[in-house]
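Close look at the chain arrangement
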Amino acid sequence: MAEAYIVAAVRTAGGRRNGRLAGWHPADLGGKVLDSVVARAGIAPDAIEDVIMGCVTQAGEQATQVGRNAVLASSLPVSVPAVTIDRQCGSSQQAIQFAAQAVMSGTQDIIIAAGVESMTRVPMGSATLRDTGVDANSQAIKDRFGITGFSQFGGAEMIAKKWGFSREDLDAFGLESHLRAQAATKAGAFDNEILPIEITLPDGTTELHVVDEGIRWDASEEGMAKVKLLVEGGVITAATSSQITDGASAVMVVSERALKEHNLTPLARIVNMTVTAGDPVVMLEEPLFATDKALKRAGMKISDIDLYEVNEAFAPVPMAWLKHIGADHARLNVNGGAIALGHPLGASGTKLMATLVYGLKARGKKYGLQTMCEGGGVANVTIIESL
C-alpha cells in the first residue's frame, strides 16, 4: 500500500486573547506558517500541489476562504490552490488526514495541511446564534435529541459526572498541564517546532514571540482552587478548560515518490487515520471510542504507543480517555496541553502534530497517537511512526 510521510511541521507559539498575536491578521499568520513549512522541508514553493487549511470560525477576517487568503499572503506562487475545511476542533487534524489520503491515492504528491484561528479578531461564536441570531440547529435536530441547543460545557460536565471526577481531580490535572508546559519551555522542548513571529510592543519596539503566552508561571494548587466554577453545582472551571488562543500551524505531507524526487528527509510515517462519530449531546467523549477503533485497525495495543497527544479541551476529556483506554498517564501530553498552552481551534490539529513529531524525536521513541474531541460528537485519531 502507498505510504504518506510528514517531512516538516511548524507552529506559532500561542497568543492569549487580546495578547501578543492580536495584531496579526489570520491570513497573514497562516501565510507565515506556510512559508516556514516549505523552507523547513527544503522544497521549491511551486512544487506544492495543494493547501488544506482548518479553520472553525469562518467569519470576518477568516471568511471568504482563509486557506486561499493565507496562500496569497505568503510567498507561495499564486498557482498553489487551497481549500478551507471545518471539522470543528479537529479541522487541521482532518487536514492532515485528507492530505495523507490524497497522497496515498496517488492523486497528489506534496500537500500542506495547516490551520489558523485568531480567536481575538474572530471570536468563537461569531458565525453562530450567539452573535448572528441565526440558529444552525433546526427544530428537527432539537426534537430528535430533546434539547434546546448543544453545549460543549454541558458535555464536559456530563463526562466528569459519568467517570466520577471531582473538582479536586480536575484541578490536579489542570495544574499538571501548567507544570509540564513550564518544564518543557524551560528545557527548550518547543524550540524546534515554534516559528518566531515578530510583534510590535505598545512602545513601538518589536520583538519575537516564541513562548506560549497561556502558561501560568505562578500556577499552584491554591490558585486553581480559587477559580470560580463555570456552572453552579458543576466541577469544571476556566482553569481546567482549554484557553482561548490565537495561532497557526502547518505540516507537510508527501508521497514516497516525492521523497525520492525532491530528496526529502521524512520525520514520520502516517500509520493510521481514523474518524468516528457518536453522541452529539455528550459530544466530547468520542475520542475514547475512536481510539479503540484506530488501535484495532492498526493492529496495535495502547502499550505499543510511546506518546499520546489528547487535546485538553476540558480536563475530563483526556482523564476519561486515560481510564477507558487503560493508558499510561506518564505518556500523555508530556509537554503540557491546551489547558496551559492554549487551543487555537482550527490550528490545534497540526499544532499537536508538530509537538508529537518533535516529542518523539527528542525522546528517541517510535509511535505516537493524536486525538481530538470535536463539536457534534466527532473525533479524529492519527497514529504516526517516527523515522
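What you see is a predicted model, and the numbers here were worked out from it, not measured in a lab.

**Some remarks on the UniProt feature "domain: Thiolase C-terminal" (unreviewed entry) in the chain**
Summarizing the sequence annotation, UniProt attributes the feature "domain: Thiolase C-terminal" (unreviewed entry) to residues 264-385 in the numbering used throughout. What you have in residues 264-385 is 35% helix and 25% strand, and the ends, taken at the C-alpha atoms, are 17 Å apart.

**Here we look at a nonpolar patch on the surface**
Together, L208, V210, V211 and W217 make up a nonpolar patch on the protein surface, roughly 350 Å² of accessible area in all. On the secondary structure map, L208 appears in strand β7 (residues 206-209). Overall, the relative accessible area of 48% leaves L208 in the partly exposed class.

**A look at the layout of surface pockets**
Of the voids in this model, the largest pocket is the one considered here, and its volume is about 1,700 Å³. M124, G125, Q152, F153 and F314 are the residues nearest the centre of the largest pocket, which is lined by 48 residues in total. Mapped onto the lining of the largest pocket, the elements with two or more residues apiece are α4 (129-132), α6 (152-163) and α8 (221-226). Partitioning the lining of the largest pocket into residue classes produces 23 nonpolar, 18 polar and seven charged. Estimates place the volume of the second largest pocket at around 160 Å³. Along its surface, the second largest pocket is lined by M1, M104, I270, V271, N272, M273, R297 and A298. When residues of the lining of the second largest pocket are traced back to their parent elements, those giving at least two are β9 (268-277) and α10 (286-298).

**A few points about the environment of G23**
If you trace the backbone, G23 turns up in the loop between β2 (15-16) and α1 (26-41). Residue classification places G23 among the exposed residues on the basis of a relative accessible area of 66%.

**Examining the nonpolar core**
Core analysis: the biggest nonpolar cluster contains 39 residues, and L284, I302, I305, Y308, W321 and I383 have the highest contact counts within it. Of all the secondary-structure elements, those providing two or more residues to this core are α6, α7 (167-186), α10, β10 (307-310), α11 (316-325), β11 (367-374) and β12 (378-386). In contact with W321, other than residues within four places in its own chain, are P287, L288, T291, I302, Y308, V310, G326, A327, L332, L369 and T371. Listed in part, the 38 residues of the second largest apolar core include A8, L21, C55 and L195.

Scoring rules and cut-offs
- Residues numbered from 1 in each chain as written.
- Predicted model: local features only at pLDDT ≥ 70, side-chain atom pairs only at ≥ 80, totals over all residues.
- Heavy atoms only, no water.
- UniProt positions renumbered as here; feature names shortened; annotations may be inferred.
- Helix = DSSP H or I, 4+ residues; strand = E, 2+ residues; numbered from the N terminus.
- Patch = residues over 30% accessible without salt bridge, like charges linked within 9 Å, V, L, I, M, F, W, Y side chains within 5 Å.
- Areas by Shrake-Rupley, 256 points an atom, 1.4 Å probe, with all protein chains shown as cover.
- Salt bridge = Lys/Arg side-chain N within 4 Å of Asp/Glu carboxyl O.
- Buried < 20%, exposed > 50% of the residue type's maximum accessible area, 1.4 Å probe, protein only.
- 1 Å grid on protein atoms, 1.4 Å probe; cavity = no way out; pocket = protein on both sides within 12 Å on 5 of 7 lines; lining within 4 Å.
- Points joined across faces, edges and corners; volume = space filled by probe spheres on them.
- Nonpolar A, V, L, I, M, F, W, Y, C, P; charged D, E, K, R; others polar.
- Core = buried A, V, L, I, M, F, W, Y, C linked by side-chain atoms within 4.5 Å.
- Contact = heavy atoms within 4.5 Å.

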